[in-house]
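# Understanding the architecture of this molecule
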Amino acid sequence: MNTKTDEPGNGDPNTLESKAGDEFGIPAKSGDGERDALRVLAENIANLEKELEAEKDNRNEERLYWLFGAFIPVNAVLYLALQDMAPFALLFVFQLTVLLAMAKKFGHDWAVQAIGGFLNWVASIFRKKTD
């Protein structure tokens, strides 16, 4: 009786042969080559993990760019809506603080340094005026 479950890879859980295995680079067992097959499988897993991490970093960077881009029209509307510069300046500093927190969360040190440096510069101006 020859059924589909008698064929290798179709129902036997002890084999690694399958259509999905070929697609993902999973090697088939072959006696002495089992150690090499596991090494190749581990390399494939490591490569996939690196690709996933790179994709996560790219998405986080894109999110940060979208946040920067979203704050530009918000600032334009606030500038037009607020007649005095003082409330706008306070809201702008608050927005920069939010962007600083988001840059830290997303792990972008370049943005943290740039925004932090600007906030330190603004704070030094206020310190000079109060002295």
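Residues numbered from 1 in each chain as written. Predicted model: local features only at pLDDT ≥ 70, side-chain atom pairs only at ≥ 80, totals over all residues. Heavy atoms only, no water.

When pLDDT is averaged along the protein chain, the result is 78; 74% of the residues meet or exceed 70. Looking across the protein chain, the model is least confident in helix 1 (residues 19-24), with a mean pLDDT of 56, and most confident in helix 2 (residues 34-81), with 89. Between residues 16-20, whose pLDDT stays under 50, and residues either more than four places distant or in other chains, the model counts nine contacts. (pLDDT = per-residue confidence, 0-100. Helix = DSSP H or I, 4+ residues; strand = E, 2+ residues; numbered from the N terminus. Contact = heavy atoms within 4.5 Å.)

Axis separation between helix 2 and helix 4 (residues 109-130) bottoms out at 11 Å; the angle between their running directions is 30°. In terms of orientation, helix 2 lies roughly parallel with respect to helix 4. The residues of helix 4 that touch helix 2, namely those facing Leu64, Tyr65 and Phe68, are Trp110, Ala111 and Ile115. When grouped by side-chain class, the residues that make up the contact of helix 2 with helix 4 number six nonpolar, no polar and no charged. (Axes fitted to C-alpha atoms, helices over the stretch in contact; angles between N-to-C directions. Parallel < 35°, antiparallel > 145°, perpendicular 65-115°, else oblique. Nonpolar A, V, L, I, M, F, W, Y, C, P; charged D, E, K, R; others polar.)

The biggest cluster of nonpolar side chains holds eleven residues, and these are Leu64, Phe71, Leu96, Leu99, Leu100, Ala103, Phe106, Ala111, Val112, Ile115 and Leu119. Of all elements in the fold, only helix 2, helix 3 (85-106) and helix 4 reach the threshold of two or more residues within this core. Top contributing element to this core by residue count: helix 3, with five residues. In contact with Ile115, not counting residues within four places along its chain, are Phe68, Leu96, Leu99 and Leu100. (Core = buried A, V, L, I, M, F, W, Y, C linked by side-chain atoms within 4.5 Å. Buried < 20%, exposed > 50% of the residue type's maximum accessible area, 1.4 Å probe, protein only.)

Time to look at a nonpolar patch on the surface. On the surface, a nonpolar cluster with roughly 360 Å² of combined accessible area is contributed by Tyr79, Leu80 and Met85. Tracing the chain through its elements places Leu80 in helix 2. (Patch = residues over 30% accessible without salt bridge, like charges linked within 9 Å, V, L, I, M, F, W, Y side chains within 5 Å. Areas by Shrake-Rupley, 256 points an atom, 1.4 Å probe, with all protein chains shown as cover. Salt bridge = Lys/Arg side-chain N within 4 Å of Asp/Glu carboxyl O.)

To continue, consider helix 3. For helix 3, built from 22 residues, the straight-helix expectation of 32 Å at 1.5 Å per residue is met to within 8% by its first-to-last C-alpha distance of 31 Å. Turning to helix 3, its buried residues are Phe88, Gln95, Leu96, Leu99, Leu100, Ala103 and Phe106. Projected down its long axis, helix 3 shows its buried positions confined to an angular sector of 150°, all on one face. With respect to the buried face of helix 3, the exposed residues turned more than 90 degrees away are Leu90, Phe94, Lys104 and Lys105. Where helix 3 is buried, its residues meet helix 2 and helix 4. Positive phi shows up at Gly107, right after helix 3, with a value of about 80°. (Expected span 1.5 Å × (residues − 1). Arc of directions from axis to C-beta.)

Moving on to the packing of aromatic side chains. Taken as a whole and assessed by the stated rule, the structure comprises five aromatic pairs. Centre to centre, the rings of Phe88 and Phe92 are 6.2 Å apart; their planes meet at 20°, and the pair counts as stacked. Of this pair, Phe88 and Phe92 both sit in helix 3, four residues apart, which is roughly one turn of that helix. Ring centres of Phe118 and Trp121 lie 5.7 Å apart, and the angle between their planes is 40°; this geometry places the pair in the tilted category. In this pair, Phe118 and Trp121 both sit in helix 4, three residues apart, roughly one turn of the helix. A relative accessible area of 33% means that Phe118 is categorised as partly exposed. Grouping aromatic residues by their ring pairs yields a cluster made of Tyr79, Phe88, Phe92, Phe118 and Trp121. (Phe/Tyr/Trp six-rings, centres within 6.5 Å; stacked < 30°, edge-to-face > 60°.)

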